[in-house]
Amino acid sequence: LEMRGCRVEPHVTAHNAAMSAMAQGARWQDALPLLSQMQGLRVRADTVSYNTCINACGRGGRWRDAFAVLLEMRRHQIEANVRTLNSAIS
């Protein structure tokens, strides 16, 4: 996602919106790297970021990747909620 080229400052909301669109299309292969890119751009991923990425993985049938994202969320001390757990088990 090239936001700076469009003069858009990277922000968690923009990343979450992009990942949401990816999740709708089960495009887990695009959502996973975007979540990783956020750290490099110094954009702090939040619960919505992780939930959306887990959802994208789930929709794509990638439960192992969804579980890995859940573990990463915990490692970064981002609090899971009911939506997180529902996304992880669906």
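In case you missed it, the structure is sitting above this.
These figures come from a predicted structure and were not determined experimentally.

Draft legend 1. The arrangement of the environment of Ala 23 in detail. Mapped onto the elements of the fold, Ala 23 is located in helix α1 (residues 12-24). A residue is classified by how much of its surface remains accessible, and Ala 23, at 1% relative accessible area, is buried. As a C-alpha pair, Ala 23 and Leu 85 span 62 residues in sequence and 16 Å in three-dimensional space.

Draft legend 2. How the structure looks around helix α2 (residues 28-40). The terminal C-alpha atoms of α2 lie 19 Å apart, and with 13 residues this matches the ideal 18 Å at 1.5 Å per residue to within 8%. Within α2, the full set of buried residues consists of Ala 31, Leu 34, Leu 35 and Met 38. Buried residues of α2, seen end-on, are gathered within an arc of 100 degrees and therefore sit on one face of the element. Those residues of α2 that are exposed and aimed more than 90 degrees away from the buried face are Gln 39 and Gly 40. Along its buried surface, α2 packs onto α1, α3 (47-59) and α4 (63-75).

Draft legend 3. Region of the structure containing unusual backbone geometry. Look at Ala 26: it is not a glycine, yet its phi comes out positive at around 55 degrees. Structurally, Ala 26 can be placed in the loop between α1 and α2. One non-glycine residue, Gln 77, adopts positive backbone phi at about 60 degrees. Locating Gln 77 in the fold gives a position in the loop between α4 and α5 (82-89).

Draft legend 4. Structural detail: the pattern of salt bridges. Under the criterion given, the structure shown has two salt bridges. Across the pair Asp 30 and Arg 27 runs a salt bridge, and its minimum N-O distance is 2.4 Å. Judged by relative accessible area, Asp 30 falls into the partly exposed class, the value being 25%. Judged by its relative accessible area of 45%, Arg 27 is partly exposed. The salt bridge involving Arg 62 is made with Asp 65; its shortest N-O contact spans 2.9 Å.

Draft legend 5. Spotlight on the packing of aromatic side chains. On inspection of all chains with the given rule, the structure shows zero aromatic pairs. Cation over ring: Arg 62 sits above Trp 28, and NZ or CZ is 4.1 Å from the ring centre.

Draft legend 6. Just the packing of α2 against α4, in detail. In contact at an axis separation of 12 Å, α2 and α4 are set at 15 degrees when each is read in the N-to-C sense. Considering their axes alone, α2 and α4 lie roughly parallel with respect to each other. In this structure, α2 crosses over α4, and the sense of that crossing is left-handed. When α2 is examined against α4, the residues Trp 28, Leu 32 and Leu 35 are found in contact with a partner set consisting of Asp 65, Val 69 and Glu 72. Here the residues of the contact of α2 with α4 sort into four nonpolar, no polar and two charged.

Conventions adopted
- Residues numbered from 1 in each chain as written.
- Predicted model: local features only at pLDDT ≥ 70, side-chain atom pairs only at ≥ 80, totals over all residues.
- Heavy atoms only, no water.
- Helix = DSSP H or I, 4+ residues; strand = E, 2+ residues; numbered from the N terminus.
- Buried < 20%, exposed > 50% of the residue type's maximum accessible area, 1.4 Å probe, protein only.
- Expected span 1.5 Å × (residues − 1).
- Arc of directions from axis to C-beta.
- Contact = heavy atoms within 4.5 Å.
- Salt bridge = Lys/Arg side-chain N within 4 Å of Asp/Glu carboxyl O.
- Phe/Tyr/Trp six-rings, centres within 6.5 Å; stacked < 30°, edge-to-face > 60°.
- Lys NZ or Arg CZ within 6 Å of the ring centre and 35° of its normal.
- Axes fitted to C-alpha atoms, helices over the stretch in contact; angles between N-to-C directions.
- Parallel < 35°, antiparallel > 145°, perpendicular 65-115°, else oblique.
- Left-handed = near helix turned anticlockwise from the far one by under 90°.
- Nonpolar A, V, L, I, M, F, W, Y, C, P; charged D, E, K, R; others polar.

These results come straight from atomic positions and should not be treated as a statement about function.
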